[in-house]
Amino acid sequence: MEFGIFSIGDVTTDPTDGTTVTEHQRIKNTVEIAKKAEEVGLDVFATGQHHNPPFVAPANPPVLLSNIAAQTEKLQLSTATTLITTTDPVRIAEDYSYAQHLSDGRISLIMGRGNTGPVYPWFGKDIRSGIPLAVENYNLLYRLWREKNIDWEGKFRTPLNGFTVTPTPLDDVPPFVWHGSIRSPEIAEQAAYYGDGFFHNNIFWPTSHTARMVKLYRQRYEYYGHGTASQAIVGLGGQVFMRKNSQDAVNEFRPYFDNAPVYGHGPSLEDFSTQTPLTVGSPQQVIERTLSFRDWAGDYQRQLFLIDHAGLPQKTVLEQLDLLGEEVIPVLRKEFAASRPADVPDAPTHESLVIRHREGRDPIPGGGPGSRAYADRQARAAEQNDTQGADRR
Amino acid sequence: MRILSVSTSLSEDSTTLKLANKILAAATSAVEGIGLTVETDHVNVRNLSSALTDMALTGFRSEELEAAFAQVTKADAIVTVTPVYKVAPVGLHTLFWQLIDEKTLAGKPVLIGSTGGTPRHSLAGEAVLRPMLSYLKGIVVPTTIFAATDDWGSIEGGRNLNARIRQATEELVSLSAAIHGVAPVSPGSTEAAGSPVQTQGSGEFGRPEQGRRPSIDDEFNPEFITPFAQLLEG
């Protein structure tokens, strides 16, 4: 199982002293946070993609991820998320492929649609087509990473004639893709169809809802024959703030929570902590809460924490990383591993995907022979033949 | 038949609560009059005030709010009663209907009730709530009920109010029965008891197995989702 952090790169005024870091400082801080993540023993650093203030998460995440890759050895580098709706799939294929080579296979992607209406038209798109864009663009990206001399025509971008992505993915194995969605069952279905991972940010909604999305993905993953429901590749977000003494954590974090972008000036810290996975308290409380995710999500593969937002000072964020690395993650690793059934896969890595590819076990989109989806397709085809036969008679 | 009252009772013993209870009682006897069983329940929007504000500001849907929305989805008919302030339903009440999922009321008969100090407020429900509930695809019955202070104080006012309640609840109940394929039977008919005519579906009232509209839970049910191959075809 992978543990890591994800950042949205918000530039937020620290509500306790009114200071705001510059964009330049925030960007440098982000790199420092990622390096620190590796140093304290975390597995993953993930960045959002943003095109509007107050965020300085990169518009093209491979720029930041490649820079971090050059300064780290083992850290897995991910997005959270790549905007599959407004970014040209051809550029996603090219840029992430390049970053995958630079990082020796340490790149993975979480696809997201983005929820800011005004961003879409800046790129000639319309938020009302969010789902169709995600569907068509990813389908093209999937092919671009696996086929050469592609002829393609769709609704949302100019046609391609004999197009081949350069560079082709490292070892002919594309970066692993997760599909992220808070609310849309279509995206859980999409992840299941391709045998890709499903990631839920697990921050703003009650766990009962997140559980519903994860369950749907698992059921459909099995339906498409990529493995049993319990073998589906699930990732979850979460957010934590820790101090040795839990009351200190609450007191220190409260002003940041109350003024945070998105949920500030809304629910109380207490309500939000009860009803969403937010945990503000001691490392032990974070351990217990995180282990409880397994009760409703099943054994899963990737856990990312949000720790660097809402104007928290850089020093505080680095202290959070120390606590995660020293006290939380080692226990979580041990506990999750202890109860994980042997047939539940680990988080995919480039190495494991290369082996899977060489052994001919890559997932077949829509389900290959032996899957229920395949059997259903055969049955439908037979039915149609019958009807046509009857018509002819 | 499940009838749910979604009402905003700002004080503990408000006239809005009194009116909602009177309407539910009248609806209950109207349902029993056509030989069906009835379950009534009450959502007091007052208890959701913080949750509604949180959702408006941050999009965060608390569990209590989700539960209330789910109750609306499950109901066969809705009664919604609000106090009127400055010739409009109080903002807290409209906020509930403004934040609920689109089409939640599809195919559901809805009865509007409102309360106010003087008859000058009597058309507020008509003017504001009727279009809003129609937007949510609710079928709002023609008669709305307004109760002013006079209606609670004088004998004649009380009689008029009761007559209006009877009229509106009969509209609500016969419409629900018609929608769910149960023939309304005139009160007192001997054939009424125990033998409602079902023309579609099976079993429980309002829960036909076929042709049921998907609820929020169904959206995440593998049986109801759009298969990806279909999404891919566009």
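Residues numbered from 1 in each chain as written. Chains lettered and ligands numbered in written order. Predicted model: local features only at pLDDT ≥ 70, side-chain atom pairs only at ≥ 80, totals over all residues. Heavy atoms only, no water.

A. Fine view of the overall build of chain A. Regarding its fold elements, chain A presents 13 helices and 13 strands. Its C-alpha atoms give chain A a radius of gyration of 22 Å, near enough to 21 Å, the size a compact globule of 393 residues would have. Taken over the C-alpha atoms alone, chain A extends approximately 80 × 40 × 40 Å along its principal axes. For chain A, buried positions account for 56% of its 393 residues. (Helix = DSSP H or I, 4+ residues; strand = E, 2+ residues; numbered from the N terminus. Rg over C-alpha atoms; globule rule 2.2 N^0.38 Å. Buried < 20%, exposed > 50% of the residue type's maximum accessible area, 1.4 Å probe, protein only.)

B. Representation of the overall build of chain B within the structure. Each helix and strand counted, chain B has eight helices and seven strands in total. Within chain B, the proportion of its 234 residues that are buried is 48%. Long-range pairs, those at least 24 residues apart, make up 75% of the contacts in chain B with a sequence separation of at least 6. As presented, chain B carries roughly 11200 Å² of accessible surface, and 51% of it is formed by carbon and sulfur atoms. (Contact = heavy atoms within 4.5 Å. Areas by Shrake-Rupley, 256 points an atom, 1.4 Å probe, with all protein chains shown as cover.)

C. Highlighting the confidence of the model for chain B. Residues and elements named next belong to chain B. Averaged over every residue, the pLDDT of chain B is 86; residues scoring 70 or more account for 85%. By mean pLDDT, the top-scoring element of chain B is helix H4 (residues 91-99) (98), and the lowest-scoring one is helix H6 (residues 149-153) (84). Confidence over residues 184-203 falls short of pLDDT 50; this stretch has 30 contacts with residues more than four positions distant or in other chains. Note on residues 206-212: pLDDT is under 50 here. Beyond four places in sequence and across chains, it has 14 contacts. (pLDDT = per-residue confidence, 0-100.)

D. Inspection of the domain arrangement of chain A at higher detail. Residue and element names in this part refer to chain A. Once the domains are mapped, chain A shows domain 1 (2-362) and domain 2 (367-393). The interface is formed by five residues belonging to domain 1 together with six residues belonging to domain 2. Roughly 440 Å² of surface becomes buried between domain 1 and domain 2 when both sides are summed, with 49% attributable to carbon and sulfur atoms. The tally of links between domain 1 and domain 2 comes to zero salt bridges. Between the two partners, domain 1 and domain 2, sit three residue pairs in polar contact (both at pLDDT 80 or more). Of the residues contributing to the side of domain 1 that touches domain 2, the split by class is two nonpolar, three polar and no charged. (Domains from an automatic or database assignment. Buried area = accessible area lost by both parts, 1.4 Å probe. Salt bridge = Lys/Arg side-chain N within 4 Å of Asp/Glu carboxyl O. Polar contact = N/O pair within 3.5 Å; in protein donor to acceptor, adjacent residues only side chain to side chain. Nonpolar A, V, L, I, M, F, W, Y, C, P; charged D, E, K, R; others polar.)

E. Highlighting helix H11 (residues 314-339) of chain A. Its 26 residues give H11(A) an end-to-end C-alpha distance of 36 Å, which sits within 8% of 38 Å, the value for a rise of 1.5 Å per residue. Residue Val328(A) marks the point of greatest curvature in H11(A), where the axis turns by about 45°; the proline Pro330(A) follows within four residues. (Expected span 1.5 Å × (residues − 1). Bend = angle between axes of the 7 residues up to and from the residue.)

F. Fine view of the pairing of strand E3 (residues 77-85) of chain B. All names here are of chain B. Buried residues dominate E3, accounting for eight of its nine residues. Summarising the sheet, strand E1 (residues 2-7) and E3 pair through five bridges and their orientation is parallel. By the bridge assignment for E3, Ile3 is matched with Ala77. Bridge count for E3 against strand E5 (residues 109-116) is six bridges, and the pairing is parallel. (Pairing = 2+ DSSP bridges.)

G. Quick peek at the nonpolar core. If you look at the biggest cluster of nonpolar residues, it comprises 110 residues, and the most contacted ones within it are Ile5(A), Phe45(A), Tyr217(A), Phe253(A), Leu321(A), Leu324(A) and Leu332(A). With nine residues, the top contributor of residues to this core is H11(A). The next biggest cluster of nonpolar side chains, apart from the first, holds 27 residues, and it includes Met55(B), Val72(B), Leu136(B) and Val140(B). (Core = buried A, V, L, I, M, F, W, Y, C linked by side-chain atoms within 4.5 Å.)

H. Examining the packing of aromatic side chains more closely. Enumeration over the complete set of coordinates arrives at 20 aromatic pairs over all chains. Connected via pairs of aromatic rings, a cluster forms that spans Tyr138(A), Tyr142(A), Tyr193(A), Tyr194(A), Tyr223(A), Tyr224(A) and Phe228(B). Taking NZ or CZ as reference, Arg146(A) lies 3.6 Å from the ring centre of Tyr142(A), over its face. The positively charged end of Lys18(B) is found above the aromatic ring belonging to Trp152(B), 4.8 Å away from the centroid. (Phe/Tyr/Trp six-rings, centres within 6.5 Å; stacked < 30°, edge-to-face > 60°. Lys NZ or Arg CZ within 6 Å of the ring centre and 35° of its normal.)

I. Looking closely at the interface of chain B and chain A. Contact with chain B, which involves 22 residues of that partner, is made by 30 residues of chain A. The contact between chain B and chain A buries some 2300 Å² in all, and 65% of this surface belongs to carbon and sulfur atoms. For chain B, the biggest contributors to the area lost against chain A are Phe60(B), Phe220(B) and Phe228(B); these three give 33% of the whole. Summed over the shared surface of chain B and chain A, the number is one salt bridge. Its salt-bridge partner being Arg183(A), residue Glu219(B) comes within 3.0 Å of it at the nearest N-O pair. Sorting the residues of the side of chain B that touches chain A by element identifies helix H2 (49-58), helix H3 (63-74) and helix H8 (228-233) of chain B as the ones contributing at least two each. The element contributing the most residues to the side of chain B that touches chain A is H8(B), with four residues. Looking at side-chain class alone, the side of chain B that touches chain A contains eleven nonpolar, five polar and six charged residues.

J. The pattern of salt bridges, seen in detail. Residue and element names in this part refer to chain A. Applying the stated criterion across every chain yields a total of 22 salt bridges over all chains. Across the pair Glu270 and Arg254 runs a salt bridge, and its minimum N-O distance is 2.8 Å. A residue pair is termed long-range when its members are at least 10 positions apart, and Glu270 in helix H9 (residues 269-275) and Arg254 in helix H8 (residues 246-258) qualify at 16 residues. Residue classification places Glu270 among the partly exposed residues on the basis of a relative accessible area of 39%. Look at Arg254 and you get partly exposed, because its relative accessible area is 27%. Within this structure, Arg243, Glu252, Lys315 and Glu319 form a network of salt bridges that share partners.

K. Main features of the environment of Lys125(A). All names here are of chain A. Along the chain, the position of Lys125 falls in the loop between helix H4 (119-122) and helix H5 (130-144). Residue Lys125 is classed as partly exposed on the basis of its relative accessible area, which comes to 21%. The residues contacting Lys125, other than those within four sequence positions of it, are Thr85, Thr86, Tyr120, Leu133 and Phe156.

L. Fine view of the side chain of Glu2(A). With respect to the element layout, Glu2(A) can be found in strand E1 (residues 2-7). Ignoring any residue separated from it by four or fewer positions in sequence, one finds Glu2(A) in contact with Asp43(A), Val44(A), Gln76(A), Trp178(A), Gln301(A), Arg302(A), Gln303(A), Ala347(A) and Pro348(A).

M. Structural view of the packing of helix H1 (residues 15-33) of chain B against helix H7 (residues 155-179) of chain B. All names here are of chain B. Remark: H1 packs on H7, axes separated minimally by 9 Å, with the N-to-C direction vectors making an angle of 55°. Viewed along their axes, H1 and H7 adopt a mutual orientation that is oblique. As H1 runs across H7, the sense of the crossing is right-handed. On H7, the residues that touch Leu19, Lys22, Ile23, Ala26, Ala27, Ala30 and Val31 of H1 are Leu161, Asn162, Ile165, Thr169 and Val173. Residues belonging to the contact of H1 with H7 are distributed by class as follows: nine nonpolar, two polar and one charged. (Axes fitted to C-alpha atoms, helices over the stretch in contact; angles between N-to-C directions. Parallel < 35°, antiparallel > 145°, perpendicular 65-115°, else oblique. Left-handed = near helix turned anticlockwise from the far one by under 90°.)

N. Molecular detail of the environment of Val44(A). Mapped onto the elements, Val44(A) comes out in strand E2 (residues 44-47). Along the chain, Val44(A) and Arg333(A) lie 289 residues apart, while their C-alpha atoms are 14 Å from each other.

O. The environment of His121(B), seen in detail. All names here are of chain B. Inspection of the secondary structure assignment puts His121 in the loop between E5 and helix H5 (124-135). Along the chain, His121 and Lys86 lie 35 residues apart, while their C-alpha atoms are 7.7 Å from each other. When residues no more than four places from it in sequence are discounted, the contact partners of His121 are Val84, Lys86, Val87, Gly116 and Phe146. At a separation of 3.3 Å, a polar atom in the side chain of His121 contacts the main-chain amide nitrogen of Val87.

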